[in-house]
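Summary of structural features
Each chain is listed here by its residues.
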Amino acid sequence: MGHDWTPYPQSTAADYRRQGHWHGKTLGERFRECARRYPDDPAVVAGDARLTYAELDNRCDRLANGLAALGVQPRDRVAVQLPNLVEFVEVLFALMRVGATPVLVMPSYRRQELRALMEIAEPTAYVIPDCYGGFDFRSQARELCEDIGTVRHVVVAGEPEEFTPVEGLYHGPEPLPDVDADDLALCVMSGGTTGGPKLVPRTHENYAYLPNACAAAGLDRSDVYLAALPLAHNFPLACPGLLGTLTSGGTAVMSPTSSPDDAFPLIEGERVTWTTLVPSVVDFWTEARQWHRSDVSSLRLVQVGGALLRPESARRATQGLGCGLQQVYGMAEGLLTMTALDEPDDLVLTTQGRPPCPADEVRLVDPDGVDVEAGAVGELWTRGPYTVRGYFRAPRDSAESFTPDGLYRTGDLARRLPSGHLVIKGRLKDVINRGGDKIACEELEGHLLAHPAISAAAAVPVADPGLGERVCVFLVCEQRQSLREVRAFLQARGVASFKFPDRLEYVDRLPLTKIGKIDRKVLVARLAGSASGS
Ligand code: OOB
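Reading guide: rules and limits
Residues numbered from 1 in each chain as written. Predicted model: local features only at pLDDT ≥ 70, side-chain atom pairs only at ≥ 80, totals over all residues. Heavy atoms only, no water. Helix = DSSP H or I, 4+ residues; strand = E, 2+ residues; numbered from the N terminus. Rg over C-alpha atoms; globule rule 2.2 N^0.38 Å. Buried < 20%, exposed > 50% of the residue type's maximum accessible area, 1.4 Å probe, protein only. Contact = heavy atoms within 4.5 Å. Areas by Shrake-Rupley, 256 points an atom, 1.4 Å probe, with all protein chains shown as cover. Phe/Tyr/Trp six-rings, centres within 6.5 Å; stacked < 30°, edge-to-face > 60°. Lys NZ or Arg CZ within 6 Å of the ring centre and 35° of its normal. Salt bridge = Lys/Arg side-chain N within 4 Å of Asp/Glu carboxyl O. UniProt positions renumbered as here; feature names shortened; annotations may be inferred. Domains from an automatic or database assignment. Buried area = accessible area lost by both parts, 1.4 Å probe. Polar contact = N/O pair within 3.5 Å; in protein donor to acceptor, adjacent residues only side chain to side chain. Nonpolar A, V, L, I, M, F, W, Y, C, P; charged D, E, K, R; others polar. Core = buried A, V, L, I, M, F, W, Y, C linked by side-chain atoms within 4.5 Å. Near = heavy atom within 4 Å.

If you look the chain up in an unreviewed UniProt entry, it shows as 2,3-dihydroxybenzoate-AMP ligase from Actinopolymorpha pittospori.

Have a look at this one:
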């Protein structure tokens, strides 16, 4: 420990415990306490599976035993690429109980992203579904395991073929190891400010703070949560999401996708009270409410975050969905801000709220790292009890993204209102936010440059009414490629499809800044100019 990731300074950790932000408990213990208190209450509903707290707790223990018997050791990393299935919940808690570290990977990630993450994490096992969304995860695992020598077991939820079935891993009770609350609970993927994929190491105390703080905003045992976004993402998982639900005695309902066709009947059937969405999906739900026959009147709260929510969308959603709205701004690295449920409309519709914890430090700084004047826009830097101090095994990226005294430089631009509410005004980092999915421009450009006909490439965001942003790529090419050809190239290379360009532009050369980097601002301005017809 300490070599792979940056721990909190001891005095800071002691302060967080003294101030009551950290409780010295693991997430597994917190869930178990809840299971003991409400053994017969429904914990998870997923497809045909309905598990009470006692049943889920027992299955997690048995699966922990099975994983240990397979050879999964404390502190091993295990890549988990599962969609919203009951196995997601069981595998997550079982690994935590073994003391291993789940490395959560989005189901949409493909060979390239997985390889990069696995090279960092060196997982000893990889957990996948059989097929999902028309994609066979077993054949991808076969290819990956040839390159990633550390993976000794591929564990499959569903039809395993030659791999190990999850189903066969529920073993009888055996003693499980003690797990320290200041050890790693899991790694989540960073939306990133620079370069390639990065892992965010979150300890139990750090991560348990999050659902706790958010749940304090009014979630209780009678609540029913719909997991409509992929649970591998921090937002539906822990803000307060699935973990908040299962540590407060509520019920979590798994939706295979966020489409109204899947989600609305579940809301009606299970009397769902709250859910977590990205802005593009909120727009879709608001529209669908007009024609969809399901009764979604049980919804009390929709949380929206991951990308900027336009005030018009927010207004339409509160009217159209007939429920409360909470704006959430957050990041895998930690900090979260949110509007409160009882705040006036203008704050809920136009701000991203405030951090939940008095120990959250939020600074808005100029390019020299000096605090901007009150009310001015600056880059948001942050530090606090649930914000990490560095990435997992990535000292160079950590040094770039964190200040020497441990503040995370978010790369986001924000303004603070006198009330303390933050308004996100844009970003400095070269990331495209496509409906909440984050695409690092440099990473995509690297993949494009692997094409023999492409000699230079620049990826930039282009404004889009539905997704907020889409991907536009400027290419310098010997031989012009069609959009379809470029996308097929990326697909064959094993790049996640949400990163594929939506639009191509050809240029003779790319504009460069004084220090020879791609001048993306010029390209963005060129797109804005062509959109307005000038
Ligand atoms: C969430 O986490 P990530 O790690 O996928 O992405 C973080 C980045 C932020 O730095 C910001 O650029 C953008 O996503 N973002 C927003 C936003 N929420 C996130 N930009 C504008 N408005 C918002 N409300 O996306 C995430 C994690 C936890 C909770 C919510 C979102």
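This part takes up the overall build of the chain. Counting its regular elements, the chain contains 17 helices and 26 strands. In summary, the chain has a C-alpha radius of gyration of 23 Å against a globular reference of 24 Å for 534 residues, a match within 12%. For the chain, the residues scored as buried account for 58% of the 534 residues in total. Of the contacts formed within the chain by residues at least 6 apart in sequence, a portion of 68% connects residues at least 24 apart. For the chain, the computed accessible surface area is about 21800 Å², with 49% contributed by carbon and sulfur atoms.

What the rule picks out here adds up to twelve aromatic pairs. For the pair F31 and Y53, a centre-to-centre distance of 6.1 Å together with 40 degrees between the ring planes defines the contact as tilted. In this pair, F31 is assigned in helix α2 (residues 27-37) and Y53 in helix α3 (residues 53-70), connecting sequence segments 22 residues apart. By relative accessible area, F31 is classed as buried at 0%. Residue classification places Y53 among the buried residues on the basis of a relative accessible area of 0%. Connected via pairs of aromatic rings, a cluster forms that spans Y8, Y16 and W22. The ring of F135 has R110 sitting right over it, with the charged end atom 3.6 Å from the ring centre.

Bringing the pattern of salt bridges into the picture now. Following the criterion strictly, the structure yields 36 salt bridges and no others. D502 is paired through a salt bridge with R434; the nearest N and O atoms lie 2.7 Å apart. On the criterion of sequence distance, the pair formed by D502 in the loop between α16 (483-493) and β26 (503-506) and R434 in strand β22 (residues 431-434) is long-range, its members being 68 residues apart. Take R434: its relative accessible area is 17%, and that puts it in the buried class. Where salt bridges share partners, they join D136, R138, R142, E161 and E162 into one cluster.

We now examine the UniProt feature "domain: AMP-binding enzyme C-terminal" (unreviewed entry) in the chain. Mapped onto this structure's residue numbering, the UniProt feature "domain: AMP-binding enzyme C-terminal" (unreviewed entry) falls at residues 443-517. Between the end C-alpha atoms of residues 443-517 the distance is 15 Å, and the span holds 24% helix and 33% strand.

Here we take up the domain arrangement of the chain. Along its sequence, the chain is organised into domain 1 (27-42 + 50-179) and domain 2 (430-533). Taking the mean C-alpha position of each, domain 1 and domain 2 sit 35 Å from one another. With six residues of domain 1 in contact, the opposing surface of domain 2 contributes nine residues. With both chains or domains summed, domain 1 and domain 2 bury close to 630 Å², and 45% of this area falls on carbon and sulfur atoms. When the buried area of domain 1 at its contact with domain 2 is split by residue, R111, Q112 and E113 rank highest and sum to 65% of it. Seen at the junction of domain 1 and domain 2, the total is one salt bridge. For E113, the salt bridge is made with K499, and the minimal N-O distance between the two is 2.8 Å. Scanning the region where domain 1 abuts domain 2 turns up seven residue pairs in polar contact (both at pLDDT 80 or more). The residue makeup of the side of domain 1 that touches domain 2, split by class, is one nonpolar, two polar and three charged.

A word on the nonpolar core. One finds L237, L246 and W285 to be the most contacted residues of the largest nonpolar core, which totals 163 residues. Considering each element in turn, this core owes the most residues, ten residues, to helix α4 (residues 86-98). Among the domains, domain 1 (27-42 + 50-179) and domain 2 (430-533) are the pair contributing at least three residues each to this core. The contact partners of L246, leaving out residues within four places of it in the chain, are F31, C34, A43, V44, Y53, L56, V89 and F93. By size, the runner-up hydrophobic cluster in this structure holds ten residues, among which are V462, V476, L510 and L527.

Now for the site of the ligand. Residues in contact with the ligand amount to 21 residues; listed here are only the nearest, H233, V328, A332, D412 and K429. Protein chains shield 95% of the accessible area of the ligand, which is 590 Å² for the free molecule. Elements supplying a minimum of two residues to the shell around the ligand: α8 (234-238) and β16 (324-331). No other element matches the four residues that β16 contributes to the shell around the ligand. Counted by class, the shell around the ligand contains ten nonpolar, eight polar and three charged residues.

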